[in-house]
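# Results of the structural survey
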Amino acid sequence: MDLNEDLVVEIISHLPLKFAIQCKVLCKNFNTRISDPKFSQTWLFQHQKIISILIYSSDRVSKNFHKISINSIRANHYKTTLPVQVEVLASCKGLLLLNFHQVRSFCVFNPITGAHQLIPHPKSKKYKHTIGDTGFVVDYPTSDQYKLVRVGKLAKEEGYRFQVFSSEGSGGVWHEFRSRMKLKLGNTFSYLVAGSRPVYVHDSLHWLTCDRRILAFNTKRKEAIILNFPDFINHTHDFIYDKWLGVVQVLLTLICTFEEFVVISAYDYLSNNWRVSHTVANFITGLDGYNYCFPVCFDSKQVLFLVNRILEQYDEQYDELYEYDSKMNEYKIAAVLDKGNAISSLPYTFEPTLASVHKTLSDTVTAKHLSTITATLDEFRRFITDS
């Protein structure tokens with residue numbers, strides 16, 4: 001090629017990521033340049049307004065998956081059927097954490113590059129007594145490392161235990177860390193809110209507890225602390241219909257829906273204080289009381305809500321996508337989805353990256369199961385990357 005190689009790489013950085021990846025086969029130099037983290041940074045800069053994808057299924061473990069590609073106020077819906085049942089546990093910085101229950105293995109998967117790693121479930125019997133969803137921490141683009149974290153209870157409910165798998169220098173080994181809340185933190189034990197997904201910010205995973213608090217586990221120091229809810233929420237006697245954790249503008253964000261209003265609060269780790277950022281009228285619950293809300297949060301962007309409207313008198317349902325209007329201090333409808341594609345479970349957001357996946361062999365999966373897993377991942381990859 002007579003073209004300047006730097007110019008060609010610059011042109012490639014403007015392509016959609018799945019096409020940029022295909023350019024690796026041009027020659028060894030392009031393979032090296034596109035695989036370099038610097039290219040990832042350049043590509044991310046060129047695609048700051050990238051289309052986000054919502055992935056969901058009707059059940060936690062399913063063969064049938066749906067996705068919604070969101071670009072401004074336009075939403076497109078797609079669906080697929082996978083060869084075997086799988087559960088999506090988390091989505092973080094371009095990597096998916098899947099769970100293949102049949103072979104008792106987690107799977108870290110990059111749908112863009114196709115790379116994946118099978119991680120056997122912890123062999124300890126205590127694994128059966130976990131009390132929260134698996135946390136998934138991806139350090140990309142700072143490094144190409146990630147962690148899986150399971151949380152459970154200690155004997156006599158005197159605290160929490162954490163099982164941690166790290167891709168860095170662990171040799172595929174799960175490590176356990178304990179935190180006796182009564183003795184160390186001065187707090188009593190509380191179960192986690194069912195279905196509350198852990199949120200990662202400030203080097204810590206956060207889970208909602210059933211007593212209006214938040215369990216935080218620092219994945220670097222391997223220490224746990226308890227965060228109280230904002231005083232305004234803790235002192236109110238109003239019933240909280242729903243509560244949800246997310247990250248907005250790199251801040252831990254708590255959203256609580258009451259009968260008449262929605263409160264959005266942000267936690268500042270530097271001052272160790274909550275700040276109520278917005279209070280808006282409750283746009284979620286309709287007159288019939290049969291509406292369901294699934295918050296969707298994008299880091300450094302807006303807060304979105306998917307609201308499932310159920311019309312009892314017509315026996316039909318549909319979804320509306322709401323986004324926050326900071327100028328008007330209110331939520332407005334961004335999109336109305338097809339009536340036949342109503343969402344019944346909290347979706348996962350996915351934005352493509354070149355985050356690496358560590359390739360290690362799993363001796364717990366037979367060749368037969370491995371072939372079906374490979375076929376499932378291939379279909380999942382096509383489903384996510386094809387528009």
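Residues numbered from 1 in each chain as written. Predicted model: local features only at pLDDT ≥ 70, side-chain atom pairs only at ≥ 80, totals over all residues. Heavy atoms only, no water.

### Comments concerning the sheet that holds strand S13 (residues 213-218)
Read across the open sheet, the four strands follow the order S11-S12-S13-S14; overall the sheet is antiparallel. The open sheet terminates on both sides in strands that have one partner only, identified here as strand S11 (199-201) and strand S14 (223-228). The sheet shows a mean angle of 30 degrees between the axes of neighbouring strands, direction not considered. With six bridges joining them, S13 and S14 adopt antiparallel strand pairing. Pairing of Asn 218 across the sheet is with Glu 223, part of S14. (Pairing = 2+ DSSP bridges. Helix = DSSP H or I, 4+ residues; strand = E, 2+ residues; numbered from the N terminus. Axes fitted to C-alpha atoms, helices over the stretch in contact; angles between N-to-C directions.)

### Some points on the sheet that holds strand S9 (residues 160-166)
Strand order across the open sheet formed by four strands is S7-S8-S9-S10, with antiparallel pairing between neighbours. In the strand order of this sheet, the two ends are held by strand S7 (135-138) and strand S10 (174-179), each with one partner. The average undirected angle you get between the axes of adjacent strands in this sheet is 25 degrees. Looking at chain direction, S9 and S10 are connected through six bridges and run antiparallel. Bridge assignment links Val 164 to a residue of S10, and that residue is His 175.

### What about the packing of helix H1 (residues 5-12) against helix H3 (residues 28-35)?
The N-to-C vectors of H1 and H3 enclose an angle of 55 degrees; their axes lie 11 Å apart at closest approach. By the criterion of interaxial angle, the relationship of H1 to H3 is oblique. In this structure, H1 crosses over H3, and the sense of that crossing is right-handed. On the side of H1, the interface is formed by Glu 5, Asp 6, Val 8, Val 9 and Ile 12, while H3 contributes Asn 29, Phe 30, Arg 33 and Ile 34. In the contact of H1 with H3, the residues fall into five nonpolar, one polar and three charged. (Parallel < 35°, antiparallel > 145°, perpendicular 65-115°, else oblique. Left-handed = near helix turned anticlockwise from the far one by under 90°. Contact = heavy atoms within 4.5 Å. Nonpolar A, V, L, I, M, F, W, Y, C, P; charged D, E, K, R; others polar.)

### Overview of the pairing of S13
When you tally the buried positions in S13, you get six out of six residues, the bulk of the element. With burial as the criterion, each face of S13 is covered, one bearing Arg 213, Leu 215 and Phe 217 and the other bearing Ile 214, Ala 216 and Asn 218. Note that strand S12 (residues 204-208) and S13 share five bridges and pair antiparallel. Residue pairing in the sheet places Leu 205 in a bridge with Phe 217 of S13. If you look at the hairpin formed by S12 and S13, you'll find four residues sitting between the two strands, and Arg 212 has a positive phi there, around 60 degrees. In sequence, S13 turns back onto S14 through a hairpin of four residues, with Lys 222 there showing a positive phi of about 60 degrees. (Buried < 20%, exposed > 50% of the residue type's maximum accessible area, 1.4 Å probe, protein only.)

### Some details on the nonpolar core
Membership of the largest hydrophobic core comes to 53 residues, with the highest contact counts inside it found for Leu 98, Phe 100, Val 108, Phe 136, Leu 148 and Phe 380. Ranked by the residues each element gives to this core, the list is headed by strand S3 (residues 74-92), at seven residues. Other than its neighbours up to four places away in sequence, Phe 100 contacts Val 84, Gln 85, Val 86, Ser 105, Cys 107, Leu 118, Ile 373, Thr 376 and Leu 377. Residues Val 199, Ala 216, Ile 240 and Phe 258 belong to the second largest nonpolar core, which totals 19 residues. (Core = buried A, V, L, I, M, F, W, Y, C linked by side-chain atoms within 4.5 Å.)

### So, the side chain of Ser 265
If you trace the backbone, Ser 265 turns up in strand S17 (residues 261-268). Classification of Ser 265 as buried rests on a relative accessible area of 0%. Once residues lying within four places of it in the same chain are set aside, the contact partners of Ser 265 are Pro 230, Ile 233, Leu 252, Thr 253, Leu 254, Trp 274, Arg 275, Val 276 and Ser 277.

### A short note on the pattern of salt bridges
Throughout the structure, instances matching the rule amount to seven salt bridges. Across the salt bridge formed by Arg 60 and Glu 87, the nearest N and O atoms sit 2.9 Å from each other. Placement of Arg 60 in the loop between strand S1 (52-56) and strand S2 (62-71) and of Glu 87 in strand S3 is noted, with a sequence separation of 27 residues between them. The salt bridge partner of Asp 133 is Arg 60, with a shortest N-O separation of 3.2 Å. (Salt bridge = Lys/Arg side-chain N within 4 Å of Asp/Glu carboxyl O.)

### Comments concerning the packing of aromatic side chains
Scanning all chains against the criterion turns up twelve aromatic pairs. Ring centres 5.2 Å apart and planes at 45 degrees place the aromatic pair Phe 65 and Phe 380 in the tilted group. Highlighted residues: Phe 65 in strand S2 and Phe 380 in helix H7 (residues 367-385), separated in sequence by 315 residues. With relative accessibility at 2%, the residue Phe 65 sits in the buried group. Consider the rings of Tyr 267 and Tyr 269, whose centres lie 5.1 Å apart with planes at 90 degrees: the pair is edge-to-face. In this structure Tyr 267 comes out as buried when scored by relative accessible area, which is 7%. (Phe/Tyr/Trp six-rings, centres within 6.5 Å; stacked < 30°, edge-to-face > 60°.)

### Notes on unusual backbone geometry
Positive phi, normally seen in glycine, also occurs at Lys 93, with a value near 50 degrees. A residue is classified by how much of its surface remains accessible, and Lys 93, at 43% relative accessible area, is partly exposed. Residues other than glycine seldom take positive phi values, yet His 202 does so here, at roughly 55 degrees. Residue position: His 202 is located in the loop between S11 and S12. We classify His 202 as partly exposed; its relative accessible area is 43%.

### Some thoughts on H7
Taking 1.5 Å of rise per residue, 19 residues should cover 27 Å, and H7 covers 27 Å from first to last C-alpha, within 8% of that figure. Turning to H7, its buried residues number three or more, namely Ile 373, Thr 376, Leu 377, Phe 380, Phe 383, Ile 384 and Thr 385. (Expected span 1.5 Å × (residues − 1).)

These figures capture arrangement, not role.
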